[in-house]
Amino acid sequence: QGEERQNKTKSCLMVGQSQQVLMIITHLHHFAATSEELKKTETKEALQVLLMVSSKFDGVQLGTMQLGVQDTCLIWNAIWSMEKKQRNVMCQKFLEKMGDFRFPRGGPEFGVIAEWGRRGVSGDFAVVEHTEKGTILLRTDPDADGGVVGYLAVGITQSIESLLAGMPHPLPIYINTALIPFKGLVLCQGTIAHSQGAFSDELRAAARAFVRGDWGEVKVIESM
């Protein structure tokens, strides 16, 4: 019944797709947490993974360990803290490694990882509206001189709205997460935390206006 409900909703992936994505993430996180690129990354996020998570993979076959939410969140944070060039190198090495594996027909399409590394968007967002097709999140656009851009994002196994059920605050809600491309959709990485960052006055004003129904000049991206 739960799978049937998931397949009917447009605010998260269908069951088969979500299983693929979760398998891809499991393999990617194992590889990233033990990669040379992460070891070269001098950020507190990378250091946390090296001290608290990486050793858990000692002697474990790639992609066979299921991590808890906290460790998953730590690895995502470390991946996004890497310089883009280093992250892309790590993703390319991961794809080369996965070329040695053989999966049944219809298995995970690991090639999406290259797009995650190049086009993923991480950081602080303002959640401003939940719709049948997903949740609209706003962020400051670094390519538009501080302007505001929106994304219509879906969840992996459940909607972003349900993921935020533990944050019972009126919209806008300010969160930290990442958005990645998957089959033309904007996909939330699956872990969400309260934002600890500072938001510009322009973004806060745009978020409040959006909640009132005034989109202004904000462009909402529905496909990455």
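First, a word on scope: everything that follows refers to the structure included in this document. Here the structure is a predicted model, which is why all the values come from computation and not from measurement.

## Observations concerning the environment of Val 69
Structurally, the position occupied by Val 69 is in helix 5 (residues 69–81). We classify Val 69 as exposed; its relative accessible area is 65%. In this structure the C-alpha to C-alpha distance between Val 69 and Thr 191, which are 122 residues apart in sequence, comes to 7.5 Å.

## Looking at the packing of helix 6 (residues 84–98) against helix 7 (residues 112–119)
Contact pair helix 6 / helix 7: the axes reach a minimum separation of 9 Å and the direction vectors enclose 175°. Here helix 6 is positioned roughly antiparallel relative to helix 7, judged by the angle of their axes. Taking contact as the criterion, the partners of Lys 84, Arg 87, Asn 88, Cys 91, Phe 94 and Leu 95 in helix 6 are, on helix 7, Ile 113, Ala 114, Gly 117 and Arg 118. Residues belonging to the contact of helix 6 with helix 7 are distributed by class as follows: five nonpolar, two polar and three charged.

## Comments concerning the pairing of strand 4 (residues 173–182)
Counting buried positions along strand 4 gives nine out of ten residues, so the element sits mostly inside the fold. Bridge count for strand 1 (residues 121–131) against strand 4 is seven bridges, and the pairing is antiparallel. In the strand pairing of strand 4, Ala 126 is matched with Tyr 174. In this sheet, strand 5 (residues 185–188) lies alongside strand 4 in antiparallel orientation, the contact comprising four bridges. Bridged to Ile 180 within strand 5 is Leu 187.

## Quick word on helix 7
Turning to helix 7, its buried residues are Val 112, Ile 113, Ala 114, Trp 116 and Gly 117. Taken together, the buried residues of helix 7 touch helix 2 (15–33), helix 5, helix 6 and strand 4.

## Structural notes on the pattern of salt bridges
Per the stated rule, a full pass over the model turns up eight salt bridges. A salt bridge links Lys 93 to Glu 37; the nearest nitrogen and oxygen atoms lie 2.7 Å apart. With Lys 93 in helix 6 and Glu 37 in helix 3 (residues 36–39), this residue pair connects regions lying 56 residues apart in the sequence. In this structure, Glu 45 engages Lys 44 in a salt bridge whose closest nitrogen and oxygen atoms are separated by 3.2 Å. Connected through salt bridges with shared partners, the residues Glu 115, Arg 118 and Arg 119 form a single ionic network.

## Comments concerning the side chain of Thr 177
Mapped onto the fold, Thr 177 is located in strand 4. Since its relative accessible area comes to 2%, Thr 177 is described here as buried. Within polar-contact distance, the side chain of Thr 177 engages the backbone oxygen of Thr 191 at 2.8 Å. For Thr 177, the residues in contact, after removing those within four places along its chain, are Val 121, Ser 122, Gly 123, Phe 125, Cys 188, Gln 189, Thr 191 and Ile 192.

## Looking at a nonpolar patch on the surface
On the surface, Leu 47, Leu 51 and Met 52 cluster together to form a nonpolar patch covering roughly 310 Å² of accessible area. Mapped onto the elements of the fold, Leu 51 is located in helix 4 (residues 44–52).

## Things to note about the packing of aromatic side chains
Summed over the entire model, instances satisfying the criterion amount to seven aromatic pairs. Ring centres of Phe 31 and Phe 94 lie 5.5 Å apart, and the angle between their planes is 65°; this geometry places the pair in the edge-to-face category. Placement of Phe 31 in helix 2 and of Phe 94 in helix 6 is noted, with a sequence separation of 63 residues between them. Note on Phe 31: relative accessible area 16%, which makes it buried. We classify Phe 94 as buried; its relative accessible area is 0%. Taking 4.7 Å as the distance between ring centres and 25° as the angle between the ring planes, the aromatic pair formed by Phe 210 and Trp 215 counts as stacked.

Scoring rules and cut-offs
- Residues numbered from 1 in each chain as written.
- Predicted model: local features only at pLDDT ≥ 70, side-chain atom pairs only at ≥ 80, totals over all residues.
- Heavy atoms only, no water.
- Helix = DSSP H or I, 4+ residues; strand = E, 2+ residues; numbered from the N terminus.
- Buried < 20%, exposed > 50% of the residue type's maximum accessible area, 1.4 Å probe, protein only.
- Axes fitted to C-alpha atoms, helices over the stretch in contact; angles between N-to-C directions.
- Parallel < 35°, antiparallel > 145°, perpendicular 65-115°, else oblique.
- Contact = heavy atoms within 4.5 Å.
- Nonpolar A, V, L, I, M, F, W, Y, C, P; charged D, E, K, R; others polar.
- Pairing = 2+ DSSP bridges.
- Salt bridge = Lys/Arg side-chain N within 4 Å of Asp/Glu carboxyl O.
- Polar contact = N/O pair within 3.5 Å; in protein donor to acceptor, adjacent residues only side chain to side chain.
- Patch = residues over 30% accessible without salt bridge, like charges linked within 9 Å, V, L, I, M, F, W, Y side chains within 5 Å.
- Areas by Shrake-Rupley, 256 points an atom, 1.4 Å probe, with all protein chains shown as cover.
- Phe/Tyr/Trp six-rings, centres within 6.5 Å; stacked < 30°, edge-to-face > 60°.

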